[in-house]
Amino acid sequence: MKDNKTIYAMYDDDMTLLAGAKELVAKGIYIRDVFSPFPIHGIDPVIGIKQTRLAICAFIYGLVGLSLALAGMYYFMIVDWPMNIGGKPNDFFYQNIPAFVPISFEFTVLLAAHGMALTYFIRNWTLPGVTARNPYPETTNDRFVMEIHPSDFGMSVEDLTEELQKTGTILIEER
Amino acid sequence: MHQEAAIREPLILGEKSYSQITDDVMASVVGKANRSWWIAIGIAAVMAAWGIGCILYLIGTGIGTWGLNKTVGWAWDITNFVWWVGIGHAGTLISAVLLLFRQKWRMAINRSAEAMTIFAVMMAAVWPGIHMGRIWLAYFVFPLPNQFGSLWVNFNSPLLWDVFAISTYFSVSLVFWYIGLIPDFATIRDKVTQVVPKKVYSLLAFGWTGNAKAWNRFEEISLVLAGLATPLVFSVHSIVSMDFATSVIPGWHTTIFPPYFVSGAVFSGFAMVQTLLIIMRKVMHLENYITIKHIEYMNIVIIVTGSIVGVAYLTELFISWYSGVEYEAYAFINRATGPYWWAYWAMMTCNVVSPQVFWFKKLRTSIGFTFFMSIVVNIGMWFERFVIIVTSLHRDYLPSSWTMFHPTFVDIGCFIGTIGIFFVLFLLFARFFPVLPLNELKTILKSSGEQYKNQPTTEEH
């Protein structure tokens, strides 16, 4: 029997869900998603979630910030309007690098942090005015829910329900 | 699951379940504010109103209404600026540095400490702003060509570094704090039943869903932002100290300033966290989450940073003599024995001597004594900045320009005003925001919660 049903299985403990997920995956059941009030450590490899690449983005944003800061200061202080400050002329970039370190650092952090945060908001689609998609309001409090589409791996709803019941779930719902 | 040694004291006391943590924190958000909250915010609002009045008078009339004179060109304004920035160091230290060191005790205190940081940095930013005199020209600090011609701001000046440092620190701390708040706003959104709060918290929660991938990203961004914020914390107060250290004023021209300012900042920041949390845990009944052990840990940080500050004071004093520079030596002799001796000795007593009493376990685990000490440390750290700024300036090279600084009512009003605004913001935070990080506390409930720790372990490993 194949249809586009979605099965939600609710648990009252993160460890029960994790153990259950391991058993279900071993039986070839594909778990689409897990909703929880806090990160369940160890769930990602079990249900096949890859490590996020946000950190790589942050590194690239940081490099952009560093380059912009150095290029900007080079233009402002060396090319456009060199100043003689306390007998220390601004003729060459390399002579001024020590004085440019603080702002280069700050600007690197500024762009890395804000770039990463914006990417995070957009990738998660958490933005002002967005409607939440968690299936049960309890999943932000003390309940843990698996989302399974039986059509993903061609199992009947009855068989899946039977398998789910063995894992200690407190509620199975078909939507 | 991670197991914790049985002898380590639990961080969450009592029989708590996941939903109980939610209920305990949400009690203040959904319930009615009690009388003490209204009294506190009333007093803070009066202070804030007086301060805003003084600030408007200052902007309208000019900074001549402060007690500044030709010799003492920086006094309470910059003292208050550095004091507030210093207080604003504990929050990010707790949330970033302690996250990198995997210190679980930070979880009960990081949310409110970060809120304190953000409000303190806002108050700090007021001071250079109003000190400009013509605040409507404040955009001059940005790298715009001067008068939109071709002369730029001076990138070799620590004052400009400060603009970049403070604005980066403020905005990154704010984003870090808000990213942590989103899942907790979602918890409140899904739990409240009244219509208006539900709408407001839905908006604040940005549509947080809490699926596995979102949590994966959440953990990654928390870690990377902590990694970025850690050097940021150290850079901000180092750069503030360079406002002084790169000048040629005896008493300011000191290479020890960056580490000395950073440890002083952490010292005063933790003291302010203690002041706020000791009241908050009592009023909001959070004794099971912010335990005596948390207070003791913070007092240990206060001993360590206080001792670093003490060593720095003594080193500075020794070097002023050892350097053989008469002007340096005079600046320090004048601090200790000149007309501002009382400020110097107040600083020494509050910052160097008094934190050492925390070596006694009985005192560092006493709530009343800790509260008293947190006030003492904050007074001491205010005096530290006053001593550095005013005593170094008031004896100029020419004895004919020697003078004293006398604060006017505007100086006092602006200072009291920033304290008032700070407390108004913090009290609003305590009333309407989740003051403990729910999602993080739930992750440590099983490893550090009291009833789980006392159970015999059923796991094989």
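Quantities reported herein were computed from a predicted structural model and do not represent experimental measurements. (Residues numbered from 1 in each chain as written. Chains lettered and ligands numbered in written order. Predicted model: local features only at pLDDT ≥ 70, side-chain atom pairs only at ≥ 80, totals over all residues.)

Asks: Please explain the overall build of chain B as it appears in this structure.
Replies: When helices and strands are tallied, chain B shows 17 helices and zero strands. Rg of the C-alpha trace for chain B: 23 Å, near the compact-globule value of 23 Å for 461 residues, within the 12% margin. C-alpha atoms of chain B, sized along the principal axes, occupy 80 × 50 × 45 Å. Buried positions account for 50% of the 461 residues belonging to chain B. (Helix = DSSP H or I, 4+ residues; strand = E, 2+ residues; numbered from the N terminus. Rg over C-alpha atoms; globule rule 2.2 N^0.38 Å. Buried ≥ 20, exposed ≤ 12 C-beta atoms within 10 Å, placed from the backbone.)

Asks: Honestly, the nonpolar core in this entry has me stumped. Any pointers?
Replies: A general feature of soluble globular proteins is that nonpolar side chains tend to end up buried together. The biggest cluster of nonpolar side chains holds 185 residues, and the ones touching the most others in it are Val34(A), Ala113(A), Met116(A), Val273(B) and Leu441(B). Here this core spans two domains, and each of domain 1 (7–50 + 132–174) and domain 2 (54–124) of chain A adds at least three residues to it. Once you skip the residues sitting within four places of it in the chain, Leu441(B) turns out to touch Ile12(B), Ile21(B), Met107(B), Ala108(B), Tyr289(B) and Leu436(B). (Core = buried A, V, L, I, M, F, W, Y, C linked by C-beta atoms within 7 Å. Domains from an automatic or database assignment. Contact = placed C-beta atoms within 7 Å.)

Asks: Sorry if this is basic, but what is going on with the environment of Lys22(A) here?
Replies: Residues and elements named next belong to chain A. Position of Lys22 among the secondary structure elements: in helix α1 (residues 14–26). Look at Lys22 and you get partly exposed, because 14 C-beta atoms sit within 10 Å. Taking C-alpha positions, Lys22 is 11 Å from Gly48, a pair spaced 26 residues apart along the chain.

Asks: Any chance you could explain the interface of chain B and chain A here in plain terms?
Replies: You'll often see interface size given as the accessible area lost when the parts meet. Each partner contributes to the interface: chain B provides 52 residues, whereas chain A provides 57 residues. Elements with a minimum of two residues in the side of chain B that touches chain A: α1 (18–30), α6 (158–191), α8 (212–245) and α16 (438–448) of chain B. Broken down by element, the residue count for the side of chain B that touches chain A peaks at 16 residues, all from α8(B). Of the residues assigned to the side of chain B that touches chain A, the class counts are 28 nonpolar, 17 polar and seven charged. (Nonpolar A, V, L, I, M, F, W, Y, C, P; charged D, E, K, R; others polar.)

Asks: Got a minute to help me understand the sheet that holds strand β2 (residues 31–35) of chain A in this structure?
Replies: Either a parallel or an antiparallel arrangement is found when strands of a sheet pair, and the pairing is made through backbone hydrogen bonds. Residues and elements named next belong to chain A. Strand order in this open sheet of four strands is β2-β5-β1-β6, and the pairing throughout is antiparallel. The open sheet has two edge strands with one neighbour each: β2 and β6 (171–174). Averaged over neighbouring strand pairs, the angle between their axes works out to 20° when direction is ignored. Relative to β6, strand β1 (residues 7–11) runs antiparallel, the two sharing four bridges. (Pairing = 2+ DSSP bridges. Axes fitted to C-alpha atoms, helices over the stretch in contact; angles between N-to-C directions.)

Asks: What is the right way to look at the domain arrangement of chain A in this model?
Replies: Taken as a whole, chain A is organised into domain 1 (7–50 + 132–174) and domain 2 (54–124). Computed from C-alpha coordinates alone, the two centres of domain 1 of chain A and domain 2 of chain A are separated by 46 Å.

Asks: Can you help me understand the confidence of the model for chain B in this one?
Replies: Low pLDDT means the predicted atomic positions in that stretch should not be read closely. Across chain B, pLDDT averages 88, with 96% of residues at or above 70. Here the predicted complex scores 0.91 on pTM and 0.91 on ipTM. (pLDDT = per-residue confidence, 0-100.)

Asks: Please explain the packing of helix α5 (residues 106–131) of chain B against helix α9 (residues 257–283) of chain B as it appears in this structure.
Replies: Between two packed helices, both the angle of their axes relative to each other and the distance between the axes serve to describe the pair. All names here are of chain B. Two elements in contact, α5 and α9, have axes whose closest approach is 10 Å; the angle formed by their N-to-C orientations is 125°. Compared by their axis directions, α5 and α9 come out oblique. When you trace α5 past α9, the crossing you get is right-handed. Note on element contacts: α9 touches α5 through Met272, Val273, Leu276, Leu277 and Met280, opposite Ile109, Ser112, Ala113 and Met116. Per-class residue counts for the contact of α5 with α9 are eight nonpolar, one polar and no charged. (Parallel < 35°, antiparallel > 145°, perpendicular 65-115°, else oblique. Left-handed = near helix turned anticlockwise from the far one by under 90°.)

Asks: What am I meant to see in unusual backbone geometry here?
Replies: Keep in mind that most residues, glycine aside, have a negative phi and that most peptide bonds are trans. The phi dihedral of Trp125(A) is positive, around 50°, even though this residue is not glycine. Among the structural elements, Trp125(A) can be located in the loop between α4 (93–124) and β5 (144–148). The phi dihedral of His285(B) is positive, around 55°, even though this residue is not glycine. If you trace the backbone, His285(B) turns up in the loop between α9 and α10 (292–322).

Asks: When you look at the confidence of the model for chain A in this model, what are you seeing that I'm missing?
Replies: Overall, the prediction assigns chain A a mean pLDDT of 87, with 98% of residues at 70 or greater. Looking across chain A, the model is least confident in strand β4 (residues 88–89) of chain A, with a mean pLDDT of 72, and most confident in helix α3 (residues 54–80) of chain A, with 92.

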